[in-house]
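Next come the chains, spelled out residue by residue.
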Amino acid sequence: MSALKDRLRADLTTAIKARDELRSSTIRMVLTAITNAEVAGKEARELSDDDVIGVLSTEAKRRREASVAFQEAGRTEMAAKEAAEGEVIADYLPAQLSDAEIADLVAAAVERTGAAGEGMRAMGKVMGVVTPQVKGRADGGAVAAEVRKQLA
């Protein structure tokens, strides 16, 4: 079993004992998403820590998008709840990369793939190199935007 999943289960018990409603409901939701990922597909499997981080990243992204949508609709209390859930999930994700760090990784990937003069046609090549390096540590949209900027 993955260490991250064990940590989530232990933190769930602690949150329930502390009567921390937000934290316990958020961790329950995340553990359910992990279980769903484990049983998806043709046969059940145990997720590795990297797979669990992928599920956590997806859940965090959902919370960010929902928070923005609620904010735009004028539902500030729901937006705040989604943002708070996102912060709980972020505690379990690796430290996020800064914009400068993303730019450095993209520049190195452009140089390594020799894509500097190819323009946007080389986007897939560069993203293929950068994506594994930033998995769980940066939003894919931010990485893609930086790749577009450097290839333009």
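(A) Summary view of the overall build of the protein chain. If you tally the helices and strands in the protein chain, you get seven helices and zero strands. Helices (α) and strands (β) of the protein chain occur, in sequence order from the N terminus, as α-α-α-α-α-α-α. Along the longest, intermediate and shortest principal axes, the C-alpha atoms of the protein chain span 60 × 40 × 30 Å. In the protein chain, which comprises 152 residues, the share counted as buried stands at 35%. Carbon together with sulfur atoms contributes 54% to the accessible area of the protein chain, which is approximately 8,900 Å² in total. The centroid of the 22 positive side-chain charges in the protein chain is displaced by 3 Å from the centroid of its 25 negative side-chain charges.

(B) Highlighting the pattern of salt bridges. Applying the stated criterion across every chain, the model contains 14 salt bridges. Taking the shortest distance from any N to any O, the salt bridge between E85 and R63 comes out at 3.0 Å. Separated by 22 residues along the polypeptide, E85 in helix α4 (residues 76-90) and R63 in helix α3 (residues 49-72) bring together distant segments of the chain. One salt bridge connects K81 with E85, and the closest N-O pair in it is separated by 2.8 Å. Of the two residues, K81 and E85 are both situated in helix α4; the distance of four residues between them amounts to about one turn of the helix. For K81, a relative accessible area of 40% gives the class partly exposed. Classification of E85 as buried rests on a relative accessible area of 2%. Where salt bridges share partners, they join E59, R62, R63, K81, E82 and E85 into one cluster.

(C) Structural view of the nonpolar core. One finds L8, I27, I34, V52 and L56 to be the most contacted residues of the largest nonpolar core, which totals 18 residues. The set of elements that each furnish at least two residues to this core consists of α1 (3-17), α2 (21-39), α3 and α4. In terms of nonpolar packing, the next biggest core, distinct from the first, is built from 17 residues, V106, V143, V147 and L151 among them.

Reading the values: the criteria
Residues numbered from 1 in each chain as written. Predicted model: local features only at pLDDT ≥ 70, side-chain atom pairs only at ≥ 80, totals over all residues. Heavy atoms only, no water. Helix = DSSP H or I, 4+ residues; strand = E, 2+ residues; numbered from the N terminus. Buried < 20%, exposed > 50% of the residue type's maximum accessible area, 1.4 Å probe, protein only. Areas by Shrake-Rupley, 256 points an atom, 1.4 Å probe, with all protein chains shown as cover. Lys, Arg positive; Asp, Glu negative; His and termini not counted. Charge placed at Lys NZ, Arg CZ, Asp CG, Glu CD. Salt bridge = Lys/Arg side-chain N within 4 Å of Asp/Glu carboxyl O. Core = buried A, V, L, I, M, F, W, Y, C linked by side-chain atoms within 4.5 Å.

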